[in-house]
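Residues per chain are reported as follows:
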Amino acid sequence: MVQEKIRFQPFSGEPIRLVDEQGHWVASFEHGLPPEQLRRFYRDMLAARILDEKLVILIRTGKTSFIAPHAGHEAAQVGIAHALRKGHDWLFPYYRDMGLVMTLGVPLVEIFGQTLGNAADPAKGRQMPSHPGSKKLNIFTVCSAIASHIPPAAGAAISMKFRRSGQVAVCTFGDGATSEGDWHAGINFAAVQGAPAVFVCENNRYAISVNISKQTASENIAVKAHAYGIPGYHVDGLDVLASYFVMQEVIERARAGHGACLVELVVNRFGAHSSADDDSRYRSREELAAERQHDPLVRYQRFLEKQGLWDANWANELKLEISKELEAALQEALQAGEPDPLEMFDDVFAARPWHLEEQRQLLAEELR
Amino acid sequence: MVQEKIRFQPFSGEPIRLVDEQGHWVASFEHGLPPEQLRRFYRDMLAARILDEKLVILIRTGKTSFIAPHAGHEAAQVGIAHALRKGHDWLFPYYRDMGLVMTLGVPLVEIFGQTLGNAADPAKGRQMPSHPGSKKLNIFTVCSAIASHIPPAAGAAISMKFRRSGQVAVCTFGDGATSEGDWHAGINFAAVQGAPAVFVCENNRYAISVNISKQTASENIAVKAHAYGIPGYHVDGLDVLASYFVMQEVIERARAGHGACLVELVVNRFGAHSSADDDSRYRSREELAAERQHDPLVRYQRFLEKQGLWDANWANELKLEISKELEAALQEALQAGEPDPLEMFDDVFAARPWHLEEQRQLLAEELR
Amino acid sequence: MPTMTMIQAINSALDEEMSRDERVMLLGEDVGKRGGVFLATEGLQQKYGPDRVMDSPLSEAAILGAAVGLAAHGMRPVAEIQFADYVFPGIDQLFSQAAKLRYRSGGQFTAPMVVRMPTGGGVKGGHHHSQSPEAHFAHTGGLKVVVVSTPYDTKGLLKAAIRNDDPVVFMEPKRLYRAVKEEVPSDDFLIPIGQAAIRREGKDITLVSYGGPMIETLKAAEEMVGAGIDPEVIDLRTLMPWDKEAVLGSVAKTGRLLMISEAPRMASIASEVTATVSEELFDQLLAPPLRVTGFDTPYPLAQDKLYMPTVTRILNAAKRLLDY
Amino acid sequence: MPTMTMIQAINSALDEEMSRDERVMLLGEDVGKRGGVFLATEGLQQKYGPDRVMDSPLSEAAILGAAVGLAAHGMRPVAEIQFADYVFPGIDQLFSQAAKLRYRSGGQFTAPMVVRMPTGGGVKGGHHHSQSPEAHFAHTGGLKVVVVSTPYDTKGLLKAAIRNDDPVVFMEPKRLYRAVKEEVPSDDFLIPIGQAAIRREGKDITLVSYGGPMIETLKAAEEMVGAGIDPEVIDLRTLMPWDKEAVLGSVAKTGRLLMISEAPRMASIASEVTATVSEELFDQLLAPPLRVTGFDTPYPLAQDKLYMPTVTRILNAAKRLLDY
Ligand SMILES: Cc1ncc(C[n+]2csc(CCOP(=O)(O)OP(=O)(O)O)c2C)c(N)n1
Ligand SMILES: Cc1ncc(C[n+]2csc(CCOP(=O)(O)OP(=O)(O)O)c2C)c(N)n1
Ligand SMILES: [Mg+2]
Ligand SMILES: [Mg+2]
C-alpha cells in the first residue's frame, strides 16, 4: 500500500533535488500541491529567516546571551515541519532548529521567553537559548549534549511500535553529531527493532570550525545507513520541496511499519556557528560569499514566480505581517519577569527531598 | 606498488574463501607458500585447540575462575597472527584471543600464569583470566570493557602514522562489540586520519546469548565500513588461508599508507560464551551440532592431505609434542606463589601518593 | 510465606509489576532467553514476550538512552546494565538525559525508569565486575539511588522504584544474589525509597553501611556483642536521598559513628555521611566519625576479598572509636 | 616578566612544551584553526602543523581513547574536552582505559596524557557549560586531578602535568580565563602536582577552596580581615592527590575549617576534605568543619550566579564557625 507511492530511492549518487537553482521543477512527477500550501512554505521559510534576524538583534542589544542561527537551514526545517503530523508525531530537535519548532507551532511568546530565559519560558529559564521544547506538541526539549537525544528518539520510536500509536519519531542533528558514539548506538537499536524513527542530518558541512572532511571520510552522511541495514536518503536541503516530499514519504514509510531510516539534508550555514563564534578564523569570506549565493529562499521564490504565485508586493506585505507578529510576541515576552530564584530547587525530582529543602532554605534566607 | 599485489575486493557479497569445505584450493591464484609454513598453520591451530581444552580442564578442576573458549576461532586467530609482524606491529586483542596471543609468541608460562592469576602473571594477577598482554610483543593488555580498546587502537595508529614507524595497529573484537559507541567513534577517527589501523571482527554471530539478528540489521559486519569511507572485507574465518592472505594484504596495504580498513572473519563459537555461561538456555543443540560440522581444523586437514602434507602419525606426534609443551608450562606456572597482597597498591600511579601509602599501611597491619 | 534469595526476589518483583502494569518492560543485554547472566529475568520473556523483555544490542548508551525515550513516551522501562562497571559507556544518558529531563523541560517531560545493575566485589570479577559506582550517581542531581542487601528489601524497593516517577538507579550486590534466603511475602508490598532500616538497636556505637558490606558489618556487630559492646546497625538502603534523620538519631544516642562501604574512599558516600554527621552533631560526638571503605585502587582480582572491608578492619576501626 | 591571563598562560605552557618535546601533541574539537572555542590553542596549529594540533571528530570517546593509544605508543597527548560537561560521553575511556592501563598491565603499559577541560559556572552556560565534575575523577583510582585558579599556577602546573607519567585531568575554571592578569615567567618553571598554596596566612579560621570559588573565597577573606578576623586561605590546586598535610597543618592552628567548592555537595571533594579533617583533628577542632558548595540540582541558567557559593554564603558559614 505504501509501495505504490514510492518516489525516492536511497543511496542516490547525487542529492535528490526537485527544483533547480533557476526554480524549475525538475522532478518526473507532478507536485500536485495547492497554491496555498506552496505559498505557505514560502511564508514559513520567510518567517524562519526573519526570526533569525530578530534573534541576532537580541544578541546585539544584549537582551539574550546566545543564539545558534539557522539561516541557510530554512528549506530543510520547513520541509521537515510540514512532513510530520503536528502534535501527533514526536520531534527530537537540536539547538539549531528554531525555525523548525516555530513552524511546528511553538507559540512565539514561548520561543522568545526561552531566548530571554525569563518567566515566559515554560522551562523556567533553566537552559541556554536555542533549547526549546513543548510537551503539548511532542517536541522533546533540546539538550545541549550533541547526539544525546538520538537514543531517546530510538526509545520513543520503540514505544510507538510496541503501543501501535501510529506515531513517528523524527530526530534532527548536525553533521558533527554523526561522529558521536550515541548517534551510532541509538540508530542501530532503532534499526534492529524496526522502529518508526526517522533520523535527519542537517548537514551544513561544519561542526563549529571543523569541516566535514575532518569529521568523517565517508562519501556522504546518507551512506552511513548501510551500517544499520536501513535506507539512507541524500537530499538537497536547500530545496524546500525536495525536503518536504522526501520527508513526507519516509515518515509515512516509517508509519506504515517499514522501520527506521536516515535522511541527509545538505544545507548551508550562512553565519558563524553561534553568537559565541568568530568564523572568520577558519572560514574564508570567499567560501562564505559563494555559499550565500545558494539561498533556499531565493531559489524557492524563483519557483513560485514561475508558477505565478510570487510577487514583490505580496512578499513585502508578508514580511511586514510576520515582523509585526514576531515583534508583538517579543514585546509580550519582554514583559515577563525574572524566574523566581527559588525555582532552582523544583523539578529535580517529582518532590523535593530533605537536602534540597535545606538548600532551598539556605538560599531563601540569603535572599531575604 | 602495493597495487600490483591486490587480490581481494572489499564488500564482496559472499565471504572470501580460498579453501572449500572439502579442502580444495578454489582461489584464482597460487598460494605459493612453502610446506613448512602450510604445516605451521596447522600446528598453531592445533595448539590453539589443545590450549582451549587445557583451559577447560583448569576450570573443571577449579584451578582457574574463568575462561572464554576460542574453539571455532582458530583459523581466524592463526591467520591474523601470521599476517602481522610479530613484535613490530601492535595487537589490540580482546578476551577470546588466547589462541591469537599464543601464536604471536606470548610465553606459555605467562599465559597460564595469567589464567591462574598467580605470581607467574606479568600483570600480577590483577585481572580475570583471558586478559593477556605483553609490552615486549606490543600486545595491548586486554580490557574487559567491550570495544573500549578501539579508540586506543586508533590513537596508536595515528601515532604510528605521525612517527612514520612503519607499524600497523591490528584490533580484534566480536560482533557484539560493533554496537558500542566507542567502536564507531574509534574507527571513524582512524579512518578520517588515514591511520594504519586494521579492525578485525571475529564474527561468531553471538554476543553471549544475543544472536546477531538482534544485534544489528546490517547485511553483514563488513558493510559497516561504508560509514567510514574505508574498505570492508567479508571473509570466511573458518578458512585459515583466506584469513591469512586477506589479513596479510590489508596489513601491508595499511603499512603502505593506504589508511584503515575493516575485516570481518566469520567464525563459529563451538562452546558456551564462557565458563560462566550455559548456552543450552538460548541455543539449540541441533544448531550447535550443525556448526561443529564446520571445523576449521578438519577443513584445513583435508587441504593438507590433498597436498600430501598431512598424515595421522605426524598429527598425533604433533598433538603429543604440543600437549607436553603446554603441560610443562602449566606445571611451571602452577609452582608460582600467590601475588603479594600489598602489590594491590602498586601501579595505580607511577609513585604511591600519601593516601595509598596510608591504605597500604592499614592492610599491612591487618595482615600482620 | 515463601522463602527467596535476592535474585528470586528481583524476579518476582519484576513479574508482579509487569503483570500489574503493562507499561512496565525490561531491556538489556541477554535479559531475554538467557534470562540475564544472573538469571534475574529468567522466564519473563517466555511469559511476556520479546517486546516487553527485550534483548538490546551491546550498548549501554542504547539501553539507557532508549529507556529515557521509552519512559518519556509513557512506558515504565526497567533497564539492566549487565555489570555496574559497564554503566560508564552509557552514563551520559543517565547524567545528561535521564537526570536532567524533568529539570530542563520545566517539568514537561519526565523519565520514570529504573536502571538495575549488579554491583560490588567478592566474586573474583577483577577490574570490571567488582566496582561500586554509587557515588557517581548520588553526586548527580536528578537520580535516585537504591542499594539493597536483603531479599525482602529487594522486592519491596524494586517494586517501589518501578512505581517511582523519577529515574532510580537500583544497585544489587551480586555477591548477595544467592547468599541468603529469607521469607518474602508473595503478595504486593512496597518499601518507601529514602528510609533506612535499623538492623540492630544498640547504644554504644552506630555502624552505618549498605549493600554488600552489610554482611561483614553484621558479623562485626555480633562479635562486638560477644565482647560486651552494644552496637546499633543501620542499613541505609537508599543513598539518594539518604535517611539523615535515622543516622543522626542513632549517633545522637551513641556518640560514635563508623561508616562502612566497599566503594573507593575519595569523595564517597561514606565521606558524605561522616562529613554530615560531623557538621550536625559536633557537640554530641564522643569520637571522630570514621570510615572503613574500599581502597582507592582499581579493583584487583588477586586481592578480591582483601579489597573490601573485612570484619577485622571493621572491628579495628570500631575499637579505635570505643577506646577514644 | 610578562603579565598574562589564564588563557594566555595555557597557550604559552602548551607552546613551550611542544617546542621542548616533539612527542607533545594536542587533539580535540576545534583546537586547530579555530584555536579552541576559548582560544587556548590559538596559533599553535599554524606553528606546529595539523598533525600535532589535531582537530578531532566530534566524539569525546574518540578524543580520550585516542589519547590513551597515542600515549601508550609513546606520544605525550594533551586532549581538550571543549567543556567539562562533555567528558561524560567519553568518560569510560578515562575510567576503563586511562586510569587502569598501568594497573591492569602490571606496569607494562602507561598512559601519560593530559586532559584539559574548561570547568565551572558563572558564564551563563546553563546545564552543559557550567558543571564541575572533579569528584568523578578523584573518586576513580588512577587519575590525577588538578584545578587551577591563577595564571601563574596554570602555566607551572600544566607544564608539570604534561611531563607527568600518569593521566592528569587538568581543569580550567572558564570564568577565570580572562578574569585577571598577573606576572608569569616567560621561561621554564614547574609547580609540583600535589601541593596546595597558602594564599593568605591567618590564625582564626581556615578557608579551603580551589578553582573558580577562590575568587569569592578571597573576597570573603578580605571582608573578614576588615571585620578584624584573621583567616588563613588555602588553594588546593591539586585534588588528587590533595595536600592533606597543608590542610591539617592549617586547621591544627586555627581549629576551624570552612571548605568552599562550587561542585554539587553530595559525595564531593568538599565532603572528603571535611570528613578527613574531622577524622584526624577531632580534638583540635573548635567548631564543626563546614562546607559551602554548589547545590544538588542541575546547573540552572536563570540562577547562574546564585548556584555558586556567594561571598555572603561564605561569610554566613564562617560566622557560624567563629560564633560557635
Ligand atoms: C557531547 C558534546 N560535545 C561537544 C559539544 C560542543 N559543541 C556544540 S555545537 C558543536 C558542533 C556541532 O556541529 P554539528 O553537529 O555539525 O551541528 P551544527 O552546529 O553544524 O548545526 C560542538 C562541538 C556539545 N554540545 N556536546
Ligand atoms: C561495555 C561492556 N558491556 C557488557 C559487557 C559484558 N559482556 C562480556 S562479553 C559480552 C558479549 C560480547 O560478544 P561479542 O562482542 O560478539 O564477542 P564474543 O564473546 O562473541 O567473541 C558481553 C555483553 C562487557 N564486557 N563490556
Ligand atoms: Mg554542522
Ligand atoms: Mg560474538
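Anything mentioned here points back to the structure above.
Residues numbered from 1 in each chain as written. Chains lettered and ligands numbered in written order. Predicted model: local features only at pLDDT ≥ 70, side-chain atom pairs only at ≥ 80, totals over all residues. Heavy atoms only, no water.

Colleague: Can you lay out the site of ligand 2 for me, pointing to particular residues and giving the numbers?
Modeller: Around ligand 2 there are 21 residues in total, and Tyr 94, Tyr 95, Arg 96 and Tyr 206 of chain B together with Glu 60 of chain C lie nearest to it. The site occupied by ligand 2 is bordered by residues of chains B and C. Ile 146 of chain B has a polar backbone atom sitting 3.1 Å from a nitrogen atom of ligand 2. His 273 of chain B has a polar side-chain atom sitting 3.4 Å from an oxygen atom of ligand 2. When ligand 2 sits alone it has 590 Å² of accessible area, and the protein chains cover 97% of it. Split into classes, the residues belonging to the shell around ligand 2 amount to 10 nonpolar, six polar and five charged. (Near = heavy atom within 4 Å. Polar contact = N/O pair within 3.5 Å; in protein donor to acceptor, adjacent residues only side chain to side chain. Areas by Shrake-Rupley, 256 points an atom, 1.4 Å probe, with all protein chains shown as cover. Nonpolar A, V, L, I, M, F, W, Y, C, P; charged D, E, K, R; others polar.)

Colleague: Go over the coordination of the magnesium ion (ligand 4) with me, naming the residues and quoting the values.
Modeller: Residues and elements named next belong to chain B. In the first shell of the magnesium ion (ligand 4), the protein supplies Asp 175 (OD), Asn 204 (OD1) and Tyr 206 (O), at 2.0 to 2.1 Å from the metal. Counting along the primary sequence, the residues that act as donors to the magnesium ion (ligand 4) give the motif D-x28-N-x1-Y. Remark: Tyr 206 occurs in strand β4 (residues 206-207) and Asp 175 occurs in the loop between β2 (169-174) and α6 (181-192); sequence separation between them is 31 residues. Taking relative accessible area as the criterion, Asp 175 reaches 2% and is therefore assigned buried. With relative accessibility at 8%, the residue Tyr 206 sits in the buried group. (Donors = N, O, S within 2.8 Å, 3.2 Å for Na, K, Ca; no water. Helix = DSSP H or I, 4+ residues; strand = E, 2+ residues; numbered from the N terminus. Buried < 20%, exposed > 50% of the residue type's maximum accessible area, 1.4 Å probe, protein only.)

Colleague: Please give an account of the interface of chain C and chain A that cites residues and values.
Modeller: On the side of chain A, 44 residues touch chain C, which itself brings 44 residues to the contact. Summing the contributions of chain C and of chain A, the shared interface buries around 3700 Å²; its carbon and sulfur component is 65%. On the chain C side of the interface with chain A, the three residues burying the most area are His 73, Tyr 103 and Arg 104 of chain C, jointly 22% of the side's total. In this assembly, chain C and chain A are joined by one salt bridge. In this structure, Glu 358 of chain A engages Lys 244 of chain C in a salt bridge whose closest nitrogen and oxygen atoms are separated by 2.3 Å. One can count 15 residue pairs in polar contact (both at pLDDT 80 or more) joining chain C with chain A. When residues of the side of chain C that touches chain A are traced back to their parent elements, those giving at least two are β3 (53-55), α3 (60-72), α4 (91-98) and α5 (101-104) of chain C. Ranked by residue count, the leading element in the side of chain C that touches chain A is α3 of chain C, at eight residues. (Contact = heavy atoms within 4.5 Å. Buried area = accessible area lost by both parts, 1.4 Å probe. Salt bridge = Lys/Arg side-chain N within 4 Å of Asp/Glu carboxyl O.)

Colleague: Mind laying out the sheet that holds strand β6 (residues 144-147) of chain C, listing which residues take part and the relevant values?
Modeller: All names here are of chain C. Spatial ordering of the open sheet is given by β3-β2-β4-β5-β7-β6-β12, a layout of seven strands whose pairing is mixed. Edge positions in the sheet fall to β3 and β12 (238-240), since each has one partner strand and no second. Across the sheet, the axes of successive neighbouring strands diverge by a mean angle of 20°, strand direction being ignored. As defined by bridge partners, strand β5 (residues 114-119) adjoins strand β7 (residues 168-173) across six bridges and the pair is classed as parallel. (Pairing = 2+ DSSP bridges. Axes fitted to C-alpha atoms, helices over the stretch in contact; angles between N-to-C directions.)

Colleague: Kindly report on the sheet that holds strand β12 (residues 238-240) of chain D, identifying the contributing residues and their values.
Modeller: Residue and element names in this part refer to chain D. Strand order across the open sheet formed by seven strands is β3-β2-β4-β5-β7-β6-β12, with mixed pairing between neighbours. Among the strands making up the open sheet, the edge pair consists of β3 (53-55) and β12. The mean angle between the axes of side-by-side strands here comes to 20°, regardless of whether they run parallel or antiparallel. Sheet topology note: the strand β2 (residues 24-28)/β3 ladder contains three bridges and is parallel.

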